[in-house]
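Examining the three-dimensional arrangement
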Amino acid sequence: MTAVLPAPTPRAGRGPTPRAGRGPAPRAGHGNIIAQQRRRLLVPLVGPAFLFYTVLFILPAVAAVWISLHKWAGSGPMTFVGLRNYVQVVQDPLFVRAFGNTLLLLIVVGLAIFVLAFAMSLVLRNMRGRGIARSVIFFPHLVNALVFGTLAGFLFNPGGLVNALLRPFGVTEPPAWLAQENIFPLIMLTLVLVNTGYYTTILMAGVDRIPPYLYEDCALAGANAWQRLRHLILPLTWDVFGTCAVLWTISSVKIFELIWIFGGSSGAGIPPTSTWTAAVYTYVTAFSGQSIPAYGAATASAIISLVLVSLLAVLLRRVMHREAIEF
Amino acid sequence: MSQTTRSRQGLSPALRGESSVPRAIGIGLLWIAVALGIVMLVWILVQSFRDTREIMATPFGLPTSWKLDNWVTAWTVGKFAEATVNSVVTAVVSSVLTVVVAAPAAYYLGRVDNRLTRGLALYFVLGLGVPVQVILIPLFVMLNEFYLTDSLIGLNLVYIGVSMPFTVFLLIAFFRSLPEEVEEAAAIDGAGPWRTMLLITMPLAKGGILTAFVLQLISHWNETLLALTLLQSTDNYTLPVALIGFVQQQTYSGADWGGLFAGICLVVLPMLAIYLWLGRRLSEGLTLGMGK
């Protein structure tokens, strides 16, 4: 393909190539007719995507802010209450619990995932059969979390597999794994096991970029494993950590399915309140069907989650931002 | 992959002295995790052919005979048949439309570089940080207004809208990585901008577009919260919603683990098939640009 191409100027395929649309100066150059003609296609090309996205995503998001300022049961009149929904939600012990749980998932589960994933990416770095290992640990990311919730329920139920495995070791009175107070730790454990593989894959991409000669340098300089980690691997993968942290922040705030599937255990179809996350709180407040739906309060709680994500994303960018190291 | 590692080790003696005890333990643990993962998957599949009593008595046993009872139960009682059809149709239709809508936009935003397109690209990326629960209630109200709740058409529309940020973001990066010279050559040969895009660039971008399509297929197949909120009648349920319904049914009628395992297989196996088909391309698509 490249053989037929005329190559008047050496241009890189990626990155900011000196394209026609960039600045007014180079417009006279060759190859710009196509760029000019293309520029006229803004509406037919971007229009549909813009429309779908604006109507079905941005508009609802803006509407959410509006609804959160009103008292509204979904139908009938909306009464403007200002920030009272927010005050009410923040004072609701259920929300405080749910929000705390979300923070636990974000921070504790997040840290556990990162430590494990980083350790795994180091082990995988030049291991035999790493292709296979990587493929297997990535797969859970493609499976609905409901499945893991159901499996955890099966493994840990009183007559389940875990107790059967413990019996030979003399554990005749195993803990009630699925008692209300134990479900949330179980959920945290499940999340760690399920997500570590995905983040390992991302971190591996970062670790793999480090050229082998830097490891040789380390060896020649007599660095031990810890020094190599501290002064070579961590600094050079730091930006990937930053990306992963933002990614986990966004996805941890959305966690819903894994909690919801434990609803069966309480009988009412709603999981025990001790396991609620912010997303579950929003859903139950609006759609549980057990009380008058409080759309205002529900959206207010969702907006608080959005604010949390935005703040953390900005903060993480600040904290994790370092001068890019060229290598 | 291991080839390069080996040759690298051959090159440099400095890299070889890494076999330490913690590393050996790490490798051991990793392979145990990998083995457990595979065992788990096989185990689920095997259990779906055994009845609940057998499963509870010997959780590790093999089926005495390969019974399809669970699959029949799941298919009929659990309403998984309709749910599977709904899920397949919804996932395929919404993913196709997502890509059809997003690819031209990403092409334009990736190729034309000015203040407007940079702003638009940012506008699309903004959605990546918004948790679904924020738009859940307004979407429900809005669709209700147009009689699109409890409707697969409504769900499809929502999936297309919600998928825009990620798909546009992914494809912009992809189109930028394609050489522009081919398009210029086509223009010199007299092809208009439409022909250039449809006949030259899009075929070149097949790989990236396929990746984007399959990633959406996976995420729409697994999507739960929106489907749970927007669909009300069992006839319209998608698989995740049907699975939740089936699990909740168990609380009243006693656990039918066999049927449940069949249901789980219905959710997991298509993903496994896609993964075996496309493998690394998927994991690379999902980690694209993050390692760079």
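Residues numbered from 1 in each chain as written. Chains lettered and ligands numbered in written order. Predicted model: local features only at pLDDT ≥ 70, side-chain atom pairs only at ≥ 80, totals over all residues.

Tallying secondary structure elements over chain B gives 15 helices and zero strands in all. Among the 292 residues that make up chain B, the fraction classed as buried is 45%. The long-range share in chain B, meaning contacts at least 24 apart out of those at least 6 apart in sequence, stands at 75%. (Helix = DSSP H or I, 4+ residues; strand = E, 2+ residues; numbered from the N terminus. Buried ≥ 20, exposed ≤ 12 C-beta atoms within 10 Å, placed from the backbone. Contact = placed C-beta atoms within 7 Å.)

A few words now on the packing of helix α2 (residues 21–47) of chain B against helix α14 (residues 257–278) of chain B. Packed helices, taken two at a time, are described by their axes: the angle between them and the distance between them. Residue and element names in this part refer to chain B. Between α2 and α14, whose axes approach to 8 Å, the crossing angle comes to 125°. Between α2 and α14, the crossing angle belongs to the class labelled oblique. Where α2 crosses over α14, the handedness of that crossing is left-handed. Residues I44, L45 and Q47 of α2 form the contact with α14, whose participating residues are F261, I264 and C265. A per-class count over the contact of α2 with α14 returns five nonpolar, one polar and no charged. (Axes fitted to C-alpha atoms, helices over the stretch in contact; angles between N-to-C directions. Parallel < 35°, antiparallel > 145°, perpendicular 65-115°, else oblique. Left-handed = near helix turned anticlockwise from the far one by under 90°. Nonpolar A, V, L, I, M, F, W, Y, C, P; charged D, E, K, R; others polar.)

Formed by 158 residues in total, the largest nonpolar core has its most connected members in A:A49, A:V280, B:A102, B:A106, B:V168 and B:L171. Broken down by element, the residue count for this core peaks at 16 residues, all from helix α8 (residues 152–176) of chain B. Taken together, domain 1 (17–70) and domain 2 (78–254) of chain B each give at least three residues to this core, which thus spans both. What B:V168 contacts, discounting residues up to four positions off in sequence, is A:A49, B:A102, B:A105, B:A106 and B:F124. (Core = buried A, V, L, I, M, F, W, Y, C linked by C-beta atoms within 7 Å. Domains from an automatic or database assignment.)

Before going further, it helps to examine the packing of helix α9 (residues 181–188) of chain B against helix α10 (residues 193–204) of chain B. Residue and element names in this part refer to chain B. The contact between α9 and α10 brings their axes to 10 Å, and the two run at 155°. If you check the angle between α9 and α10, you find them roughly antiparallel. When the axes of α9 and α10 are compared, the crossing they make is right-handed. Here V182, E183, A186 and A187 of α9 come into contact with α10, specifically with T196, I200, T201 and L204. Split by residue class, the contact of α9 with α10 holds five nonpolar, two polar and one charged.

Turning our attention to the environment of A:V309. Relative to the assigned elements, A:V309 resides in helix α13 (residues 295–320). When the C-alpha atoms of A:V309 and A:S252 are compared, they prove to be 9.5 Å apart, with 57 residues separating the residues in sequence. Ignoring any residue separated from it by four or fewer positions in sequence, one finds A:V309 in contact with A:T249, A:I250, A:V253, B:G129 and B:P131.

A word on the domain arrangement of chain B. Under the domain assignment used here, chain B contains domain 1 (17–70) and domain 2 (78–254). Distance from the C-alpha centre of domain 1 of chain B to the C-alpha centre of domain 2 of chain B: 34 Å.

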